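Structural characterization, general
Letter by letter, the chains look like this.
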Amino acid sequence: MRLVSLVAADGATISVEQDIIEQSGTIRNILNDVGLSDAAIPVPNVSGPILARVIDYCRHHRNDISRRQPQAPLLGEENDSSDAVTQRAISQMDEFDHDFCRVDQGTLFDLILAANFLDIPPLLDLVGYTVACKMKGKSVQEMRDTFAVKNDFTPEEEKQALEDNAWVEE
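First, a word on what this report is: a plain description of the structure on this page.

Criteria and thresholds
Throughout, residues of each chain are indexed from 1 in the direction in which the sequence is written. The predicted origin of the model limits local features to residues at a pLDDT of at least 70 and limits the giving and counting of side-chain atom pairs to 80 or more, whereas totals for whole chains, interfaces and linings rest on all residues. Neither water nor hydrogens contribute to the side-chain values; these are computed over all heavy atoms in the structure. Helical segments are the DSSP runs of H or I of at least four residues, strand segments are the runs of E of at least two, and each set is numbered from the N terminus. Between buried and exposed lies partly exposed: a residue is buried under 20% and exposed over 50% of the maximum accessible area for its type, with that area taken using a 1.4 Å probe on protein chains only. Whether two residues touch is decided by their heavy atoms; if any such pair falls within 4.5 Å, the residues are in contact. Criterion for a disulfide: a pair of cysteine sulfur atoms at a distance within 2.5 Å. Basic side-chain nitrogens of Lys or Arg form a salt bridge, by our definition, when they fall within 4 Å of a carboxyl oxygen of Asp or Glu.

1. Description of the overall build of the protein
Check the secondary structure of the protein and you find nine helices and three strands. Across the protein, helices and strands are ordered from the amino to the carboxyl terminus as β-β-α-α-β-α-α-α-α-α-α-α. For the protein, the proportion of its 170 residues judged to be buried stands at 28%. For the protein, restricting intrachain contacts to residue pairs at least 6 apart in sequence, the fraction spanning at least 24 positions comes to 62%.

Right, dumping it as C-alpha cells:
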C-alpha cells in the first residue's frame, strides 16, 4: 500500500499507509480531489503527538469496515439519547478503545478537535462518549471544577438559569 505523508501543526511529518488514513474523511477528500503525490498533506489543526495517536486509532481499526460506514439510526434515535444508542456505542468499544481514552483531559479535548477536523466519526463518538461519562451524574459546580469552566453568571442570572432549567435536575 502507498504511504501518505502528513505534516502536523508543529511541523512533525508522519507517513502512514493510505488505507489507514483514508478513515479520515478530510484526508480521503483531499486525496480524491488532488490525487496521490509525494507532497505532504498539511494537517494544520493537529499537533504531531495527537496526530500519532489518531493514526494509532485508525491503524487499530483498519479492518473494521463497520466503523467507516454511517450506521442507520436505531428506532427513534434521531432526537433520542436512549439506552439502546448508548449500549450500541459501548458494544463497539474494545480494550484498545478503553485504553486509548485513558488520557489526561487536555489530550482528550485535543483528540476531539482532531477527530472533528479530520472527519473520523467513530473516533469523535468514542472521545465524546468518554467526556460524557466524565460529566454523568455531576452537579454544575463539579463539572465547572472538572473542566475548569469559570462561572461568569451573576448570582441573579444563575438563579434564573436554574429556575428556567429545573427539569434537568428531575
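2. A look at the side chain of Thr130
Following the sequence through the fold, Thr130 ends up in helix 7 (residues 121–135). With a relative accessible area of 12%, Thr130 lands in the buried category. When neighbours within four sequence positions are excluded, Thr130 is seen to be in contact with Cys101 and Leu108.

3. Description of the state of the cysteines
Evaluated as defined, the whole model comprises zero disulfides. There is no disulfide at Cys101, and the cysteine sulfur nearest it, in Cys133, is 9.3 Å away.

4. Regarding the pattern of salt bridges
As enumerated under the stated definition, the model contains eight salt bridges in all. Of the charged contacts in the structure, one is a salt bridge between Arg62 and Asp19, with a shortest N-O distance of 3.0 Å. Of this pair, Arg62 sits in the loop between helix 3 (48–60) and helix 4 (83–91) while Asp19 sits in helix 1 (residues 18–21), and the two are 43 residues apart along the sequence. Classification of Asp19 as partly exposed rests on a relative accessible area of 21%. Among the ionic pairs, Lys159 bridges to Glu163, the shortest N-O distance being 3.9 Å. Of this pair, Lys159 and Glu163 both sit in helix 9 (residues 155–164), four residues apart, roughly one helical turn. Overall, Glu163 belongs to the partly exposed group, its relative accessible area being 46%. Through salt bridges with shared partners, one network takes in Glu17, Asp56 and Arg59.

Honestly, that's just the spatial picture; any functional story needs more than this.
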